[in-house]
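# Structural overview
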Amino acid sequence: MPVLLDQRLAFPSPLRANAEGLVAIGGDLSVPRLLLAYRSGIFPWTDKPITWWSPDPRAIFELDQFHISHSLAKVIRKGVFQITIDSAFFDVMKGCAAPAPGRRTTWITREFLKAYTQLHEQGHAHSFECWQDDKLVGGIYGVAIGGFFAGESMFHRASNASKIALYHLIEYLRRRNFALFDIQMLTPITSSLGAIQIPRVQYLKRLSLALQKPCSFAE
């Protein structure tokens, strides 16, 4: 059964999650609690009530196994988009939260926008932006701790824009010797790009090692 959290800054073991991956309910979305959650292999998914999850299996990108199609490689070579880092974090989150074909609702509520913007302002959350003609057309954001990066969501308003942002993020993490890129749940799009699933026990071991790496996201 999921644990009901109180005001104490603590989480139960993710190994206590139920069959769906739900670990706990309650608490808050403060920066200290969010950082503790990610360090524990747990992430929030809803805010009314706040729910905390650790699915098994867990989806990740192996940083050296990102799959680039011929068409995507051609777009990268042409330099169709301009890429920036941490220049429009809030706008990337809003883009991820906006309605899109096949997605009428989103888990990225006003409370999540506020919480992750605070994470960003304190140097823990980051975004890659994809621009075309000075317009934001795609992006991705997530949380970095040590050699661990948790990808949260991505969006596009132009074909391939989110994939290009993801490609540049992965190259960036590789150059900085990050060890683990968590994407939580596998989707058809991420699967086509080379994402895989690993058992939660294996994920938690890799997370522990990645957190100990003295990596820095900042340039």
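Residues numbered from 1 in each chain as written. Predicted model: local features only at pLDDT ≥ 70, side-chain atom pairs only at ≥ 80, totals over all residues. Heavy atoms only, no water.

This part covers the pairing of strand β3 (residues 43–47). As paired strands, β3 and strand β4 (residues 50–53) are joined by four bridges and run antiparallel to one another. Note that in β4 the partner of Asp 47 across the bridge is Ile 50. Where β3 folds back onto β4 in an antiparallel hairpin, the turn is made up of two residues. (Pairing = 2+ DSSP bridges. Helix = DSSP H or I, 4+ residues; strand = E, 2+ residues; numbered from the N terminus.)

With that settled, consider the environment of Ile 85. Of note, Ile 85 is situated in strand β6 (residues 82–85). For the pair Ile 85 and Cys 130, spaced 45 residues apart in sequence, the C-alpha to C-alpha distance is 9.1 Å.

Note the cis peptide between Lys 48 and Pro 49, where omega equals 0°. Along the chain, Pro 49 turns up in the loop between β3 and β4. Following Asp 56, the chain continues to Pro 57 via a peptide bond in cis, the omega torsion being 10°. Turning to its location among the elements, Pro 57 is positioned in the loop between β4 and β5 (58–61). For Asp 86, which is not glycine, the phi dihedral falls at a positive 60°. Position of Asp 86 relative to the elements: it lies in the loop between β6 and α3 (89–97). Even without being glycine, Asn 177 reaches a positive phi, approximately 65°. You can see Asn 177 is positioned in the loop between α5 (161–175) and β10 (180–184).

So yeah, pure geometry; function would need other evidence.
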